[in-house]
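This is what each chain is made of:
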Amino acid sequence: QLQPSTEGIGCGQCDACTLLKAETHPDYHLLSLAADSQVISIDSVRALRDKLQTTAQQQGGKVCVISPADKLNENSASALLKMLEEPPSGTFFVLVADKPQYVLPTIRSRCLPVQFQLPATDELAQFLATFGKSQQTVNRCIQQSRGFPEIAIDLLGSPVGHSDNESSSQAE
């Protein structure tokens, strides 16, 4: 049973949280780009369809995240549309797209759009500080990422995310 914290995030300790963290939750499915591909293939959508035909193994339903949904080609988008028109029982789809205008209008019409705003710079800085980098490095990553958290996190792990002092201390 899920035990969310008062902040509305997972507890990190229950079975569901443990399975999600290990990326082995049987009722969570992620459809994304293959490492060597620019689009989500129809074969990937078909494989997802086959996985979703089973009943949920844990309490509740199944969740399928499709990201980036704007990278579905015409054939894979058509296959997804069929699933959205007749979704497997108890299945929730979350489509994530940087450019929703590239998602087929027939798919968009079956979705409830939710737009997320970028966090305030001070909130992002506070969050990035938890990665143990200097304030100067955090500020540089925020500036270069234009405030996008995922890009800023990636930059923290790259050579851009290391100040001269941090690089030399890591090398010792």
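Heads up: these notes are all about the structure in this document. Given the structure is predicted, the values throughout are model-derived calculations rather than measurements.

Across its full length, the chain carries eight helices and three strands. Helices and strands appear in the chain in the N-to-C order α-β-α-β-α-β-α-α-α-α-α. Looking at the 172 residues of the chain, the share that counts as buried comes to 28%. Accessible area for the chain stands at about 11,900 Å²; split by element, carbon and sulfur atoms hold 51% of it.

Time to look at helix α5 (residues 121-129). The set of residues buried in α5 consists of Leu124, Ala125 and Leu128. Take α5 and look down its axis: the buried residues cluster within an arc of 100°, on one side only. Those residues of α5 that are exposed and angled more than 90 degrees off the buried face are Asp122 and Gln126.

The next subject is helix α6 (residues 135-145). Taken residue by residue, α6 has Thr137, Val138, Cys141, Ile142 and Ser145 as its buried positions. Within α6, the buried residues cover an arc of 135° as seen down the axis, which keeps them to one side. Relative to its buried face, α6 has exposed residues pointing more than 90 degrees away, namely Gln136 and Gln143.

Taken across its five residues, strand β2 (residues 62-66) has four buried, putting it largely inside the fold. Relative to β2, strand β1 (residues 28-31) runs parallel, the two being bridged by four bridges. What sits directly across from Leu31, in β2, is Ile66. Of the crossover connections in this fold, the one passing from β1 over helix α2 (residues 42-52) to the parallel β2 is right-handed. The parallel pair β2 and strand β3 (residues 91-95) is bridged by helix α3 (residues 74-85), and the resulting crossover is right-handed.

With respect to the helices, strands and loops of the structure, Cys64 is situated in strand β2. Using a relative accessible area of 0% as the deciding quantity, one classes Cys64 as buried. The spacing of Cys64 and Asp27 is 37 residues in sequence and 8.2 Å in space, taken between C-alpha atoms. Contacts of Cys64, omitting those with residues within four sequence positions, involve His29, Leu48, Leu52, Phe92, Phe93 and Val94.

This part is about the layout of surface pockets. Volume-wise, the largest pocket comes out at about 1,300 Å³. If you go around the largest pocket, you meet 27 residues; those closest to its centre are Leu95, Val96, Ala97, Val114 and Phe116. Taken together, the residues that form the lining of the largest pocket break down as 20 nonpolar, three polar and four charged.

Here the focus is the environment of Ala120. Mapped onto the fold, Ala120 is located in the loop between α4 (105-108) and α5. It is 8.1 Å that separates the C-alpha atoms of Ala120 and Gly147, two residues lying 27 residues apart in sequence.

A few words on the packing of aromatic side chains. Applying the stated criterion to the full structure yields one aromatic pair. On the basis of an interplanar angle of 85° and a centroid distance of 5.6 Å, the ring pair of Phe127 and Phe131 is categorised as edge-to-face.

The next subject is the side chain of Thr91. Topologically, Thr91 is positioned in strand β3. Polar side-chain contacts of Thr91 include one of 3.1 Å to the backbone oxygen of Pro88. With near-sequence residues (within four places) excluded, Thr91 lies in contact with Leu52 and Lys62.

The next thing to look at is the packing of α2 against α3. As a packed pair, α2 and α3 sit with axes 8 Å apart at the nearest point and diverge in direction by 20°. The orientation of α2 relative to α3 falls into the category roughly parallel. For the pair α2 and α3, the crossing hand works out as left-handed. Contacts from Ile42, Val45, Leu48, Arg49 and Leu52 in α2 reach Asn75, Ser76, Ala79, Leu80 and Met83 in α3. The residue inventory of the contact of α2 with α3, partitioned by class, reads seven nonpolar, two polar and one charged.

The rules behind the values
- Residues numbered from 1 in each chain as written.
- Predicted model: local features only at pLDDT ≥ 70, side-chain atom pairs only at ≥ 80, totals over all residues.
- Heavy atoms only, no water.
- Helix = DSSP H or I, 4+ residues; strand = E, 2+ residues; numbered from the N terminus.
- Buried < 20%, exposed > 50% of the residue type's maximum accessible area, 1.4 Å probe, protein only.
- Areas by Shrake-Rupley, 256 points an atom, 1.4 Å probe, with all protein chains shown as cover.
- Arc of directions from axis to C-beta.
- Pairing = 2+ DSSP bridges.
- Right-handed = clockwise from strand over helix to strand, strands pointing away.
- Contact = heavy atoms within 4.5 Å.
- 1 Å grid on protein atoms, 1.4 Å probe; cavity = no way out; pocket = protein on both sides within 12 Å on 5 of 7 lines; lining within 4 Å.
- Points joined across faces, edges and corners; volume = space filled by probe spheres on them.
- Nonpolar A, V, L, I, M, F, W, Y, C, P; charged D, E, K, R; others polar.
- Phe/Tyr/Trp six-rings, centres within 6.5 Å; stacked < 30°, edge-to-face > 60°.
- Polar contact = N/O pair within 3.5 Å; in protein donor to acceptor, adjacent residues only side chain to side chain.
- Axes fitted to C-alpha atoms, helices over the stretch in contact; angles between N-to-C directions.
- Parallel < 35°, antiparallel > 145°, perpendicular 65-115°, else oblique.
- Left-handed = near helix turned anticlockwise from the far one by under 90°.

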